[in-house]
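Architecture at a glance
Letter by letter, the chains look like this.
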Amino acid sequence: MMKPGTIILYTAARFLVPLQLLFSVFLLLRGHNEPGGGFIAGLVAAGAFTLYLFTFGSAVTRDLMRVDPRNLIGIGLFIGMLSVFPAVFQGQAFLTAQWWPIMLPGGTEIKLSTPLIFDIGVYLTVVGATMTMIIALTEAEER
Amino acid sequence: MEIVILISFALLSLSMLLIFIRLLMGPTLPDRVVALELLATVIVAITGTYAIFTDRSSFIDVAIVVALTAFLAAIGFARFLERGGPRDD
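Residues numbered from 1 in each chain as written. Chains lettered and ligands numbered in written order. Predicted model: local features only at pLDDT ≥ 70, side-chain atom pairs only at ≥ 80, totals over all residues. Heavy atoms only, no water.

Formally: UniProt positions are given in the numbering used here, feature names are shortened, and annotations may be inferred rather than shown by experiment.
In the annotation of an unreviewed UniProt entry, chain B is listed under the name pH regulation protein F and assigned to Aliidiomarina shirensis. Under the heading Sequence similarities (unreviewed entry), UniProt records this for chain B: "Belongs to the CPA3 antiporters (TC 2.A.63) subunit F family." The heading Subcellular location (unreviewed entry) in the UniProt record of chain B holds the text "Cell membrane".

Going by what an unreviewed UniProt entry lists, chain A is known as Na(+)/H(+) antiporter subunit B and is assigned to Aliidiomarina shirensis. Looking at chain A in UniProt, the text filed under Subcellular location (unreviewed entry) is "Cell membrane". Quoted straight from UniProt, the Sequence similarities (unreviewed entry) entry for chain A says "Belongs to the CPA3 antiporters (TC 2.A.63) subunit B family."

**Focus on a nonpolar patch on the surface**
Residue and element names in this part refer to chain A. Short version of the rule: Only residues whose relative accessible area exceeds 30% and that form no salt bridge enter a patch; like-charged residues are grouped when within 9 Å of one another, and nonpolar side chains (Val, Leu, Ile, Met, Phe, Trp, Tyr) when within 5 Å. Accessible surface is estimated by sampling points in the Shrake-Rupley manner with a 1.4 Å probe; for residues, cover comes only from the protein chains shown. Salt bridges are identified by distance alone: a Lys or Arg side-chain nitrogen within 4 Å of an Asp or Glu carboxyl oxygen. By the criteria applied, helices consist of DSSP H or I runs no shorter than four residues and strands consist of E runs no shorter than two, each listed in order from the N terminus.
Together, Phe-78, Met-81, Leu-82, Phe-85, Val-88, Phe-89, Phe-94, Leu-95 and Phe-118 give the surface a local cluster of nonpolar side chains, amounting to about 950 Å² of exposed area. Of all the secondary structure elements, the ones that give two or more residues to the nonpolar patch are helix H4 (69-82) and helix H5 (85-89). Tracing the backbone through its elements, the reader meets Phe-78 in helix H4.

**Examining the UniProt feature "transmembrane region" (unreviewed entry) in chain A**
Residue and element names in this part refer to chain A. In the numbering used here, UniProt assigns the feature "transmembrane region" (unreviewed entry) to residues 7-27, 39-60, 72-95 and 115-137. Between the first and last C-alpha atoms of residues 39-60 the distance is 25 Å; the span itself is 95% helix and 0% strand. With 67% helix and 0% strand, residues 72-95 has end C-alpha atoms that lie 22 Å from one another.

Here it is in structure tokens:
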């Protein structure tokens, strides 16, 4: 691991990791019609976890993620697959986008849709795949 | 305004060229690493200038992502340099 006492790295990681995770969620939810989306959001989140990994080591990062990153790949693919079915029940072709606009009190409209569900699946898969690779590499290096 | 932006682009491109020369020449590996970091910083600057030029705020997000990734890359390179390993200066 890094030499102990690199206070700049510790402080930067403490501040940057939550901000970067927040930014990744922002990118994820803004996607589809605006720049953003599941893939780049997943990469930004994986960057945040990698920063944490470089600072505090792989065991602590596994604790932070709570879920094994390999399981995240499966969960992501499953959620992505779920987004296929609403179109079939409507009698349309596979993966046709379904939109459910919801009016919130106060006049704001959020558009929930199957592309959003698919994007969340892509997000989890990208985070899981990237973190599986990086954690495996780091652990091979530590041994 | 237009002229200022064009001058900034020209200067940033010139600095990119100089950094690239340092990257190619760089006698030691740390020199090259610093050149790469500087290159990333200049890319962030160009993206920011381009956001002003096109008047689209979405390029700011690109700049944020590039800056964060460059920070991560700096730490990764520092780690690699600190651990030693085979070097070919």
